[in-house]
Amino acid sequence: MSERVIPYNILLEIISNTYELVWRIVPDPEFSVLKEGLKTMEVSLTSGIQKAEEGLPVIGHHFSFPSEFLSCFDAVPICIEGTSYLLSALLPDGCEKYYDLINNWGHPYHTCSSQKGPMGMVLDDLFEFDVIATPTAPCDNTFASYPFFAYKNIPLVITDVPFIHKEKSYIYLAEQLKSDLYKIGEVIGQKPDFDKLKIALNLENQILNYELELFELRKAVPCPVESMINPIVSGIKIFSSGRPEKLAFFKTILNLAKKRYKNKELPPGMKEEKFRSVWPYMTIFFDINLCEWLDRELGMSVLIDIFNYNFEEPIDTSSEDKMFYGMAKKAMNYPMIKESTEFFDTFIENFINVSRDFQADCAIFTSHLGCKQFGSIPQILREALRDELGIPMLIIDVDVGDKRFNSIKIIKDKIKMFTNTLL
Amino acid sequence: MSLQNDPFLNLSNSIFNSYIKEWQDSNKKVVGYYCTYIPEELLHAAKLLPFRIRATGNESTELGDIYMVRFTCSFVRASLDLALKGGFDFFDGYLICNSCDHSRRMYELFHLKVFNREGFKKKIPRFYISVPHVITKAGFLWFKQEIEELKEKIEKNFNIKKITNEDLKESIKIHNENRKLLRDIHELRIQTVPKITGSEALQISMANSSIPKDIANQELKRILKVLNDSEGNKTNQKRIMLVGSIMDNTSFTELIENAGALIVSDFLCFGTRNFLDDINVNGDPLESISKRLYYRMSCPRMMDDHEKRLNFLKSEINRAKIDGVILQRINNCDLHGCDNMLFEHELKDLDIPVFNIDRESFQADTNRLQTRIEAFLEMVK
Ligand code: SF4
Ligand code: SF4
């Protein structure tokens, strides 16, 4: 056990226990996405912890500084936001202790819980970061919260992400990314190995094909993939990017979905697909069982959420320059970054198209306390979906990582009442 | 003579004013903006009147709340509310930048819901500049290019043949003079016997952003004279520095000053942050304008510049002989909330009395705040 990444040890322990339990108790093919997801994350976390034990440098990173970009180092990448929300998902009281710690230290209650967790953990000396890498996106919470780490004397490497998608933005960001990888290297005493980076990016290109195929399959009526795929994929993207276990995950899930699609089967436990919903933002992290409840109790498929609806082009790895240009494009099109580095018209247009393509009959927008950049969107999107497609949208105020803001009971009640109006 | 009921200060109490009317009557245009990161000098050189958006006087957010969730900043919601009620119909254009996640969405909302609402006929062009969030050489080059592109868009949209270097230089001169006058007034505020209250200083700053700068300069000279001739505030009040979120009305400053303190300095964007730095008059004028904006005293949207902000606070606390610092944020303002969090620890480490509080743009329950402020002032030596 490495003392430098205590929360990762905790995460690994819970994941392993949960995985073992689910694997032993729940017969196949039930909970297939959850089982595969836990297995994948277990592999990634084990590898990280092993490296930490070997004494390799610990690089904290924002979720939108994709971890495969860090594969040019022999290091332990730790995702700040992912740690907060994976713990929220797996422990009954999630990260609440650490949210409270940092809140009491002065972090405003309305600032995003995804950063609060590791900030509290740093106050509690649970992490020893050698360096932290963050982009200046997607939100005020990021610009505002990360200077705390600098205050705590952790070297902070900040990559400026420009607002607005233009050719010049990708060029600007590509240069930033390259020089920032060198900066990280300087701090940890390593030279970035771009051959290793290339391998990880090529692997991601391969994964992209599976993701795209899965995306197409999810349009089928009934949807052959369980709703749980949404939060699980966000976790896989965060913890396993650029790694072979991510490829294996998508391969398995895709094969399962193909089989179900061929046999016109519903996801296990779903008796009938009564509602087809799109979630323009995300599902809830503090209780990912919500997805199972939607499938089993309500017969509601969550067809797509913000982590699953948009895909970047594959990265051309034929030269270093092209590689960095591709990485910049990918980074700017990463979930949440994409939406916050452009005007909201594109997001609205995209979700109208997605809702149409997926034959959705309703939308649910979880309006997350932290995400102020999305705060002006729900009503506009609701009006647009109503006017363009005639489908209603429910807006629920939440903190996706803290059940104390709006409990799972309140959330379920709201969804239930909403579905009553759809019948 | 005092500044009570001074016609210039009174301009801060309303949005529209007779100077704007006169300006528009002579066929000239007004461009609204939110944030001090926009190049006022460029607009002025294009013979446009830059008007800094406020919601002063509008105590409701009801209409704004339809389009912005309740955890957005109440200042922005109040300004959207006012816009939806027609409060900014006099605009001929508006310019937004990515200052914070709340105000930046006005680019879309003003377009969609305010200036395209039923019955509103005027076509209102909108402009946007993307400001980097860190201070680097590459970031400066990006920003400079944004300003250059903005210049072209302004020329095109307002049918201006060319904004010349001479126009820009003249504009720089007027704006440098304006900032110098504001700094001179500020000097009278921080001295041992302050000649101006915090509420008055705030009013001056708001009025200054609502009328043509050449007129504002005349008015500021007049005010400066009034202040120089005045006796000042000789009472032994606690000297406070006010830091944080935007203030577009004096309700909060009055609360503090009615509780027996004097706000002798601030770190607000309707305050010192707006006039500390000047533009170099030599060299390429557009580049100089960009340089000042980019490298000036930052606000927390600049992610890597907290130390500079802290250093300013420390030096101002010494210079203005501050007894205590009030850090405030409008609820849901993550930027100032987190900057204040760090300031609180850093200033406490220096044994400087600090009070950190959240508020609304318009405070309904003043009792709670008043009690807490009074308690803090009690504590200050
Ligand atoms: S969840 Fe929203 S507020 Fe939180 S870090 Fe992500 S974009 Fe920012
Ligand atoms: S107070 Fe904060 S949230 Fe409100 S406009 Fe200013 S920076 Fe934005």
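All of these numbers come straight from a predicted model, not from anything done at the bench.

Brief notes about the site of ligand 2
Step number 1: All residues adjacent to ligand 2 are Cys 73, Phe 75, Val 76, Cys 100, His 102, Ser 245, Ile 246, Cys 333 and His 336 of chain B.
Step number 2: When residues are assigned to domains, the shell around ligand 2 turns out to be shared by domain 1 (9-161) and domain 2 (166-379) of chain B, each giving three or more.

Things to note about the pattern of salt bridges
Step number 1: Evaluation of the coordinates by the stated rule reveals 61 salt bridges over all chains.
Step number 2: The partner of Glu 149 of chain B in a salt bridge is Lys 166 of chain A, and the shortest N-O contact between them spans 3.8 Å. Of this pair, Glu 149 of chain B sits in helix 7 (residues 137-157) while Lys 166 of chain A is found in the loop between strand 4 (156-159) and helix 8 (167-188), placing the two residues in two different chains.
Step number 3: Using a relative accessible area of 21% as the deciding quantity, one classes Glu 149 of chain B as partly exposed.
Step number 4: The exposure class assigned to Lys 166 of chain A is partly exposed, which follows from its relative accessible area of 33%.
Step number 5: Between Lys 183 of chain A and Asp 180 of chain A there is a salt bridge whose closest N-O contact spans 3.2 Å. With Lys 183 of chain A and Asp 180 of chain A both in helix 8, this residue pair falls three residues apart, about one helical turn.

Here's the deal with the nonpolar core
Step number 1: Of all hydrophobic cores here, the largest spans 247 residues; its most connected members are Leu 181 and Ile 415 of chain A together with Phe 88 and Phe 110 of chain B.
Step number 2: Each of domain 1 (9-161) and domain 2 (166-379) of chain B accounts for three or more of the residues forming this core.
Step number 3: Apart from the residues within four sequence positions on either side, Ile 415 of chain A is in contact with Trp 279, Leu 290, Trp 293, Leu 294, Leu 298, Met 300, Ile 364, Leu 394 and Ile 396 of chain A.
Step number 4: If you look at the next biggest cluster of nonpolar residues, it comprises 20 residues, including Leu 11, Leu 188, Ala 216 and Val 226 of chain B.

Some remarks on the site of ligand 1
Step number 1: Ligand 1 sits among 13 residues. The nearest are Cys 112, Cys 139, Asn 141, Cys 371 and Gln 373 of chain A.
Step number 2: Partitioning the shell around ligand 1 into residue classes produces seven nonpolar, six polar and no charged.

Some remarks on the interface of chain A and chain B
In many analyses, interface size is given as the accessible surface area lost on bringing the parts together.
Step number 1: On the chain B side, the residues contacting the 53 residues of chain A number 44 residues.
Step number 2: Taken over both partners, the interface formed by chain A and chain B buries close to 4200 Å², and the fraction arising from carbon and sulfur atoms is 62%.
Step number 3: When the area that chain A buries against chain B is broken down by residue, the three leading residues are Asp 140, Lys 168 and Lys 372 of chain A, summing to 14%.
Step number 4: Note that Asp 334 of chain B is salt-bridged to Lys 372 of chain A, the shortest N-O span being 2.8 Å.

Focus: unusual backbone geometry
Residue and element names in this part refer to chain A.
Step number 1: In this structure, the amide linkage connecting Ala 137 to the following residue, Pro 138, adopts the cis form with an omega of 10 degrees.
Step number 2: Here Pro 138 shows up in the loop between strand 3 (131-135) and helix 6 (140-145).
Step number 3: Pro 222 follows Val 221 through a cis peptide bond whose omega is -5 degrees.
Step number 4: Tracing the backbone through its elements, the reader meets Pro 222 in the loop between helix 9 (194-217) and helix 10 (229-240).
Step number 5: In this model, Met 336 sits at a positive phi of 80 degrees, which is unusual for a non-glycine residue.
Step number 6: Along the chain, Met 336 falls in the loop between helix 13 (320-332) and helix 14 (337-340).

Focus on the domain arrangement of chain B
Residue and element names in this part refer to chain B.
Step number 1: Taken as a whole, chain B is organised into domain 1 (9-161) and domain 2 (166-379).
Step number 2: Its C-alpha centre places domain 1 at a distance of 22 Å from the equivalent point of domain 2.
Step number 3: If you look at the interface, domain 1 gives 53 residues, while domain 2 gives 50 residues.
Step number 4: Surface buried jointly by domain 1 and domain 2 totals about 4600 Å² across both partners, of which 63% is contributed by carbon and sulfur atoms.

Structural notes on the sheet that holds strand 7 (residues 362-368) of chain A
Residue and element names in this part refer to chain A.
Step number 1: With parallel pairing, four strands are arranged side by side in an open sheet as 6-5-7-8. A single partner strand is all that each edge strand has here, and the edge strands are strand 6 (300-304) and strand 8 (393-398). Across the sheet, the mean angle from the axis of one strand to that of its neighbour is 30 degrees, orientation sign disregarded.
Step number 2: Bridge count for strand 7 against strand 8 is six bridges, and the pairing is parallel. Residue pairing for strand 8: Thr 366 is matched across the bridge by Ile 396.

So, how was this worked out
- Residues numbered from 1 in each chain as written.
- Chains lettered and ligands numbered in written order.
- Predicted model: local features only at pLDDT ≥ 70, side-chain atom pairs only at ≥ 80, totals over all residues.
- Heavy atoms only, no water.
- Near = heavy atom within 4 Å.
- Domains from an automatic or database assignment.
- Salt bridge = Lys/Arg side-chain N within 4 Å of Asp/Glu carboxyl O.
- Helix = DSSP H or I, 4+ residues; strand = E, 2+ residues; numbered from the N terminus.
- Buried < 20%, exposed > 50% of the residue type's maximum accessible area, 1.4 Å probe, protein only.
- Core = buried A, V, L, I, M, F, W, Y, C linked by side-chain atoms within 4.5 Å.
- Contact = heavy atoms within 4.5 Å.
- Nonpolar A, V, L, I, M, F, W, Y, C, P; charged D, E, K, R; others polar.
- Buried area = accessible area lost by both parts, 1.4 Å probe.
- Pairing = 2+ DSSP bridges.
- Axes fitted to C-alpha atoms, helices over the stretch in contact; angles between N-to-C directions.

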